[in-house]
Amino acid sequence: MILFVNACVRSDSRTQRLARALLEQLGGEQEEIKLSEANLEPLSEERLRKRTELVERRQFSDSMFRLARQFQRADLIVIAAPYWDLSFPAILKLYLENIYVTGLVSEYAESGEPHGLCQARKLWYVTTAGGPYVPDFSYDYIRALATGCFGIPETELVMAEMLDVQGYDAEAIVAERIYEIERGML
Ligand SMILES: Cc1cc2nc3c(=O)[nH]c(=O)nc-3n(C[C@H](O)[C@H](O)[C@H](O)COP(=O)(O)O)c2cc1C
């Protein structure tokens, strides 16, 4: 199953267009989670306490872990998020806090290092930026989590930049990237 984590906000999101082109190329069974409609809750003290108790009892069947289970069992993962304030919309961080469940997506090795438990063999991070895509506090961070904590060996960035800069043809830049995606040229 391919999991599409959709952190795009605008209805005519360019990031989402790139992600849909990629998903079309990947084919197969897909599940989408649209973060803006997912009613994600922050980890309050009460929720943290409940989560810790459930993790200690290894009760991962609890509904609190539904999204973490979905993330853990995905074969491929596509995350799409616009470049906001040098990273990504806060709702994606909220999602990551919700799915990063020790014992389910990651565990600690004896050395103290995280050891990933996710099944996915690859994660794509899709983003678009209004100006230049620097500095990169989004893909680099996602890649560190994926490879260092979740056990996902391969990651890839799909990106289009300069979309809001005067003199740049945003539509042409997006179309070119979609052309490359459709021909596997990334
Ligand atoms: C809240 C917000 C913050 C943004 N921050 C940045 C930024 O730090 N750097 C940048 O280059 N563009 C920034 N932009 C522009 C977006 O990255 C750009 O318009 C992007 O293509 C939006 O993606 P979308 O079409 O998928 O919504 C920001 C836009 C918004 C709405």
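Here, the structure is the one placed above.
Residues numbered from 1 in each chain as written. Predicted model: local features only at pLDDT ≥ 70, side-chain atom pairs only at ≥ 80, totals over all residues. Heavy atoms only, no water.

Draft legend 1. Structural detail: the sheet that holds strand β3 (residues 76–80). Taken in spatial order, the five strands of this open sheet run β2-β1-β3-β6-β7, and their pairing is parallel. Of all strands in the sheet, those bounded by a partner on one side alone are β2 (30–34) and β7 (154–160). On average, each strand axis in the sheet is tilted by 15 degrees relative to the strand beside it, whichever way the strands run. As paired strands, β3 and strand β6 (residues 122–128) are joined by five bridges and run parallel to one another. By the bridge assignment, Ile 77 is partnered in β6 with Leu 123. Set on the sheet, helix α1 (residues 14–26) makes contact with β1 (2–6), β2, β3, β6 and β7; between it and β6 the angle comes to about 150 degrees. Contacts from helix α3 (residues 66–73) reach β1, β2 and β3 within the one sheet, and its direction differs from that of β2 by about 140 degrees. (Pairing = 2+ DSSP bridges. Helix = DSSP H or I, 4+ residues; strand = E, 2+ residues; numbered from the N terminus. Axes fitted to C-alpha atoms, helices over the stretch in contact; angles between N-to-C directions. Contact = heavy atoms within 4.5 Å.)

Draft legend 2. Looking closely at the side chain of Thr 155. With respect to the secondary-structure elements, Thr 155 resides in strand β7. In terms of polar contacts, Thr 155 uses its side chain to reach the side chain of Tyr 139, at 2.8 Å. Thr 155 has contacts with Leu 123, Tyr 139, Arg 143, Ala 146 and Thr 147, leaving out every residue within four places of it along the chain. (Polar contact = N/O pair within 3.5 Å; in protein donor to acceptor, adjacent residues only side chain to side chain.)

Draft legend 3. Here's a closer look at the packing of helix α4 (residues 90–99) against helix α5 (residues 139–150). At a closest axis distance of 13 Å, the pairing of α4 and α5 adopts a crossing angle of 5 degrees. Relative to α5, α4 is oriented roughly parallel. Residue-level inspection shows Leu 92, Lys 93, Leu 96 and Ile 99 of α4 in contact with α5, the latter providing Tyr 141, Ile 142, Leu 145 and Phe 150. Its residues placed into classes, the contact of α4 with α5 shows seven nonpolar, no polar and one charged. (Parallel < 35°, antiparallel > 145°, perpendicular 65-115°, else oblique. Nonpolar A, V, L, I, M, F, W, Y, C, P; charged D, E, K, R; others polar.)

Draft legend 4. Examining α5 more closely. Looking only at α5, the buried set comprises Tyr 139, Ile 142, Leu 145, Ala 146, Cys 149 and Phe 150. Along the axis of α5, the buried residues cluster in a sector spanning 155 degrees; they form a single face. Positive backbone phi, approximately 80 degrees, marks Gly 151, located one or two places after α5. (Buried < 20%, exposed > 50% of the residue type's maximum accessible area, 1.4 Å probe, protein only. Arc of directions from axis to C-beta.)

Draft legend 5. Structural detail: unusual backbone geometry. At the junction of Val 134 and Pro 135, the peptide bond is cis and its omega measures out at -10 degrees in the coordinates. Relative to the helices and strands, Pro 135 resides in the loop between β6 and α5. Positive phi values are uncommon outside glycine, yet Asn 39 reaches one of about 50 degrees. Relative to the assigned elements, Asn 39 resides in the loop between β2 and α2 (45–56). Phi at Leu 86 takes a positive value of approximately 70 degrees, unusual for a residue other than glycine. Turning to its location among the elements, Leu 86 is positioned in the loop between β3 and α4.

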